[in-house]
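Structure at a glance
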Amino acid sequence: MSRESNPVVGIATLIKPIKSITPHISLDNVADLFSDIAYADVLSLPVVENGIPVGVISRYSFIDVYLKKYSRELNGKRPIHLFMGKSPLLVAHDQQLADAAQHVARNMKFPLTEDFIITENGRYAGIGFVVDLLKAMELQMRENTDELNQAYSRLKSSQMALVQSEKMASLGQMVAGIAHEINTPLGYVQNNVAVGQEMFTQVEAMIDVYEKLIDSLLDEYVSEEQIAAQMQQVAEFRANNSTREMIGSMQGLIDDTLYGVGQISELVLNLKNFSRLDAVATETVDLHECIESALNIGRNVLKHRVEVIRDFGALPAVTCSPSQLNQVFLNLFTNAAQAIDVNGRLTIRTWHENGEVQISVADTGKGISPEHLSRIFDPFFTTKPVGEGTGLGLAITHQIIQQHGGEITVESATGAGTRFHIRLPAPSSVLTTGGAAIGASHHQHEEVL
Amino acid sequence: MTKPTILLVDDEERILRSLRMLFFTGYNVRMTTDAHEAIRILRDEQVHVIVSDQRMPVMQGSELLRIARETSPATMRILLTGYSDLEASIASVNEGEVFRYLLKPWAVSEVKEVVAQAAAIATASFAAQQSSSNAIAETRMQKFLVLVMDNEQATAIAVEEILQHRAEVIWAQDERHAQEVLARQDVSLVVADITMGGNNVSYILKTVKQFNPQTQTIVLTSFNDTSRLIELINQAQIIRYLPKPVSNNILARNLEFVIERLHTLRNSPELQNRQSVQAIQDPQEKQLSGSFMGMLNRLRARPAATQS
């Protein structure tokens, strides 16, 4: 995976190619070597026979032996293998740093006074300093941390992309719904205009015939036959009820047309309002407007099936990101609509309490089972079939409310319905509400959207 | 001569008022916002054409048209909707067996034309109902030729197993093979996937229906696209649309239904007109269809001559 991009720092880089000693050299010789400048940095001398490490003698243990009384006289000529540590700490050159460090820490008796031996295919390659190992370890850890940080920020941006795509998905659905919604008024508006055009042509022809008749009547040179023919034409027009009926209906059709155009502009305005505020981060708004906006956008899914009951109290203006809260409300409303199988009620209640704006959204849908309820705000948790839900809707809702310093909770009873409760901090300054007196709540009952 | 009756159903009154203006001169116009009232009118009066909305509060349009099919089979059914969702369009084929699936906003001339055509067909159907209500059902013993157009043989095998001795089943695994079979033999039923080898082969179904309206088509596909389906309704008058994977049970039920329909059509050929198709719109399909039609005309226009 991405670890490949960071080359693993191996033990090989730590090798100090110190010349090893044989097991047969004398204690006196070892004493000379320890004081030799070439071995100044070395804590331990590797003892190697035929290329294979067989022991180690550290300065510390050497001094222990050599400085004993009469030891120089008694042991000076004796070979080192009698005094060396017989199980030297071996580390293979291709071992991973972390593994090697663990191995060293576990097996070295006095880590700060000894070195370890590095082998290549079992043969002596050099010695390694514990301090170097520590340094390399630290370096690697720092790199790991960087990597973790990078992974974290990647994760974060992909999460933001997901949030955005969930928003686009739900908006896309809504836009499609609204586009369809527009088709109905557009249908009759367009048709009425076409009918009007047709009528206009007929009326023009009619006026033409009348005018010609009047011209003929005023013109003394026009023959009786010609006038009779024109009279006949006028009579035909008068007998034709369709033009008359068209004219009679036109007033109504124009009213319908204006109504339809009004509907279309309202729908378009809703769309605009809904997404307008993407640019502006926060604004002071009346939450009832956000709720209405979301209800309008979600009309498509609520229509005919869900009775919406608004029980709005007096609310102070809230500083928030309206487009995000629109998304929250739309999500809750469409979930409610989906939870309701045939017909049901969606009750939206708002009130102001303890310096907080309180909103409850309750449906009479099929409810959520307790084991699902506890996971409902988890990202990617969904009970909808594959392809129908991203499983992000409520997770994002939760996140948005949290970012607003608020809280969202849920309670549900299977078969009875679900209720979401949102609390948002709001300084109790000016109370703005949909027309109600301060403190009083007004009930608005709407039959069907 | 009495005017044909057209029944308009939409939950938006303004749509009804508006549409009425197109038809009041040539038709006896009945209209209602209530699907139940519509059913009552269908039962009590002779309705030539019903034009219904899809999304309505008490009943979906496809459901209303399904009931219309039973209540008044001679009535021509048209759906006029602003919502082109897949589910609704599938239901309008399989349940409503609609003559046309029209979208809001509509083109005035198109709607007028479609309704006029439907009214003429319905008038013929009503007349046939009266004259030949006791036609003798014959030709039961005749074998039907069934063409299965699918990249995979599984569908052909399934169809063969269901129909057994009642039909001869030919499997065409590519476009060219399908065209050849259709050009050389008198196929009664086509069971087709609309994508073969990655190509959209809808044009074959559309062309065949133009050439021989008696041919029935079942589309069996995993390719779900509403606008393409709407085209298949209007331009190929497919009789069933079954999303893949389809269970053997459902396939069997639909095949039985269509075989039954083929018998009916043999006995009363005037019913063929009920599945008249609209011209192909897409320029590329038009071209493909044109050359395939040429092939059909060359090889099939000489009836029975191919035998010798």
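Residues numbered from 1 in each chain as written. Chains lettered and ligands numbered in written order. Predicted model: local features only at pLDDT ≥ 70, side-chain atom pairs only at ≥ 80, totals over all residues.

**As for the overall build of chain A**
For the record, the criterion: By the criteria applied, helices consist of DSSP H or I runs no shorter than four residues and strands consist of E runs no shorter than two, each listed in order from the N terminus. Exposure classification rests on a simple neighbour count of other C-beta atoms within 10 Å of a residue's own: a residue reaching 20 or more is buried, one at 12 or fewer is exposed, and one in between is partly exposed. C-beta atoms are placed from the backbone.
A count of helices and strands for chain A gives 12 helices and 15 strands. For chain A, the residues scored as buried account for 28% of the 449 residues in total.

**Here's the deal with the overall build of chain B**
The line we're drawing: What counts as a contact here is a pair of residues whose C-beta atoms, placed from the backbone, lie within 7 Å.
The number of helices and strands found in chain B is 11 helices and 12 strands. For chain B, the proportion of its 308 residues judged to be buried stands at 44%. Excluding contacts between residues fewer than 6 apart, the proportion of contacts in chain B whose partners are at least 24 apart in sequence is 65%.

**Considerations on the sheet that holds strand β8 (residues 189-192) of chain B**
Residue and element names in this part refer to chain B. Formally: At least two bridges found by DSSP between two strands is the condition for calling them paired. Between N-to-C directions, angles cover 0 to 180 degrees, with each direction set by a line fitted to C-alpha atoms, over the stretch in contact for helices.
Taken in spatial order, the 5 strands line up as β7-β6-β8-β11-β12 in an open sheet, and their pairing is parallel. Two strands in the sheet have a free side with no partner beyond their single neighbour: β7 (167-172) and β12 (240-243). Strand-to-strand twist across the sheet, computed as the mean angle between neighbouring axes with direction ignored, equals 15 degrees.

**Things to note about the interface of chain B and chain A**
Here is the rule: Side-chain classes are defined by residue name, with Ala, Val, Leu, Ile, Met, Phe, Trp, Tyr, Cys and Pro counting as nonpolar, Asp, Glu, Lys and Arg as charged, and the others, Gly among them, as polar.
Across the contact, 17 residues belong to chain B and 21 residues belong to chain A. Among the elements that make up the side of chain B that touches chain A, the one with the highest residue count is helix α1 (residues 13-23) of chain B (7 residues). Here the residues of the side of chain B that touches chain A sort into 10 nonpolar, 3 polar and 4 charged.

**Considerations on the pairing of strand β11 (residues 356-363) of chain A**
Pairing between strand β10 (residues 344-353) of chain A and β11 of chain A: 8 bridges, direction antiparallel. Its bridge partner being in β11 of chain A, glutamate 353 of chain A is matched across the sheet by glutamate 356 of chain A.

**Overview of the confidence of the model for chain A**
All names here are of chain A. Condition: The quantity known as pLDDT measures the predictor's confidence residue by residue, on a range of 0 to 100.
For chain A, per-residue confidence averages 82 on the pLDDT scale, and residues scoring 70 or more make up 87% of the total. Mean pLDDT values over the elements of chain A span from 45, in strand β15 (residues 442-445), up to 94, in β11. Here residues 1-7 is modelled with pLDDT under 50, and outside its nearest four sequence neighbours on either side it reaches 2 contacts, counting other chains as well. Taken as a whole, residues 432-449 scores under 50 in pLDDT and shows 37 contacts with residues more than four places along the chain or in a different chain.

**Side note on unusual backbone geometry**
Looking along the chain, the bond that leaves lysine 104 of chain B and enters proline 105 of chain B is cis, with omega of -5 degrees. Secondary-structure assignment places proline 105 of chain B in the loop between β5 (100-103) and α5 (108-131). The omega torsion of the bond from lysine 244 of chain B to proline 245 of chain B falls at -5 degrees, within 30 degrees of zero and hence cis. Positionally, proline 245 of chain B belongs in the loop between β12 and α10 (248-267). Unusually for a residue other than glycine, asparagine 354 of chain A sits at a positive phi of about 50 degrees. For asparagine 354 of chain A, a count of 8 C-beta atoms within 10 Å puts it in the exposed group.

**Comments concerning the packing of helix α8 (residues 202-211) of chain B against helix α11 (residues 283-300) of chain B**
All names here are of chain B. Selection criterion: Each angle gets one of four labels, with under 35 degrees taken as roughly parallel, over 145 as roughly antiparallel, 65 to 115 as roughly perpendicular, and the rest as oblique. Throughout, a crossing is termed right-handed when the near helix is turned clockwise from the far one, and left-handed when it is turned anticlockwise from it by less than a right angle.
Relative to each other, α8 and α11 sit at 50 degrees, their axes nearing to 9 Å. Here α8 lies oblique to α11, going by the angle between them. The hand of the α8/α11 crossing is right-handed. Residues Ser202, Tyr203, Ile204, Lys206, Thr207 and Phe211 of α8 touch α11, and the partners they reach there are Glu285, Leu288, Ser289, Phe292, Met293 and Leu296.

**Considerations on the pairing of strand β4 (residues 115-120) of chain A**
Residue and element names in this part refer to chain A. When you tally the buried positions in β4, you get 5 out of 6 residues, the bulk of the element. As paired strands, strand β3 (residues 90-92) and β4 are joined by 3 bridges and run parallel to one another. For valine 91, the partnering residue across the bridge sits in β4 and is isoleucine 118. As defined by bridge partners, β4 adjoins strand β5 (residues 123-129) across 6 bridges and the pair is classed as antiparallel.

**A look at the sheet that holds β4 of chain A**
Residue and element names in this part refer to chain A. Across the sheet, which stays open at both edges, the 3 strands sit in the order β3-β4-β5 with mixed pairing between neighbours. Either end of the sheet is taken by a strand with one partner, and the two such strands are β3 and β5. Across the sheet, the axes of successive neighbouring strands diverge by a mean angle of 40 degrees, strand direction being ignored.

**Concerning the nonpolar core**
We apply this condition: Take the buried Ala, Val, Leu, Ile, Met, Phe, Trp, Tyr and Cys residues, join any whose C-beta atoms are within 7 Å, and the set you get is a nonpolar core.
Val49, Ile78, Ala118 and Val148 of chain B are the most contacted members of the largest nonpolar core, which totals 89 residues. Sort the elements by how many residues they give to this core and α5 of chain B lands first, with 7 residues. Apart from the residues within four sequence positions on either side, isoleucine 78 of chain B is in contact with Val49, Ile50, Val51, Val98, Phe99, Arg100, Leu102, Val114 and Ala118 of chain B. Counting residues in hydrophobic clusters, the runner-up holds 44 residues, among them Ala314, Leu325, Ile340 and Leu394 of chain A.

**A short note on the confidence of the model for chain B**
Residues and elements named next belong to chain B. Model confidence for chain B is summarised by a mean pLDDT of 90, while 94% of its residues fall at 70 or above. Taken as a whole, residues 304-308 scores under 50 in pLDDT and shows 1 contact with residues more than four places along the chain or in a different chain. With pTM at 0.67, the complex prediction returns an ipTM value of 0.85.

**A few points about the packing of helix α6 (residues 153-163) of chain B against α10 of chain B**
All names here are of chain B. The geometry of α6 relative to α10 is characterised by a closest axis approach of 10 Å and an angle of 60 degrees between their N-to-C directions. Classified by the interaxial angle, the pair formed by α6 and α10 is oblique. Every pair of crossing elements has a handedness; the one defined by α6 and α10 is right-handed. Taken together, the residues of α10 that come into contact with α6 (itself represented by Ala158, Val159, Ile162 and Leu163) are Asn248, Leu251, Ala252 and Leu255. When its residues are assigned to classes, the contact of α6 with α10 shows 7 nonpolar, 1 polar and no charged.

**What about α5 of chain B?**
Selection rule: Working rule for helices: expected span equals 1.5 Å times residues minus one.
Spanning 24 residues, α5 of chain B covers 35 Å between terminal C-alpha atoms, matching the ideal 34 Å at 1.5 Å per step. Each element contacted by the buried residues of α5 of chain B is listed here: β1 (5-9), α1, β3 (49-52), β4 (76-81) and β5 of chain B.

**Here's the deal with helix α7 (residues 175-184) of chain B**
Residue and element names in this part refer to chain B. Defined as follows: As used here, the arc belongs to the directions running from the helix axis to the C-beta atoms.
What α7 keeps buried is the set Ala178, Gln179 and Leu182. For α7, the angular spread of buried residues about the axis comes to 100 degrees, placing them on one side. Looking at the buried side of α7, the elements it contacts are β6 (144-149), β7, α8 and α11.

**As for the environment of isoleucine 204 of chain B**
All names here are of chain B. Relative to the elements of secondary structure, isoleucine 204 occurs in helix α8. On a C-alpha basis, the gap between isoleucine 204 and isoleucine 194 in space is 9.0 Å, while along the polypeptide they are 10 residues apart. Apart from residues no more than four positions distant in its own chain, isoleucine 204 is found in contact with Ala178, Gln179 and Phe292.

**What to know about the environment of isoleucine 207 of chain A**
Turning to its location among the elements, isoleucine 207 of chain A is positioned in helix α5 (residues 130-218). Along the primary structure isoleucine 207 of chain A and valine 234 of chain A are separated by 27 residues, whereas in three dimensions their C-alpha atoms are 9.6 Å apart.

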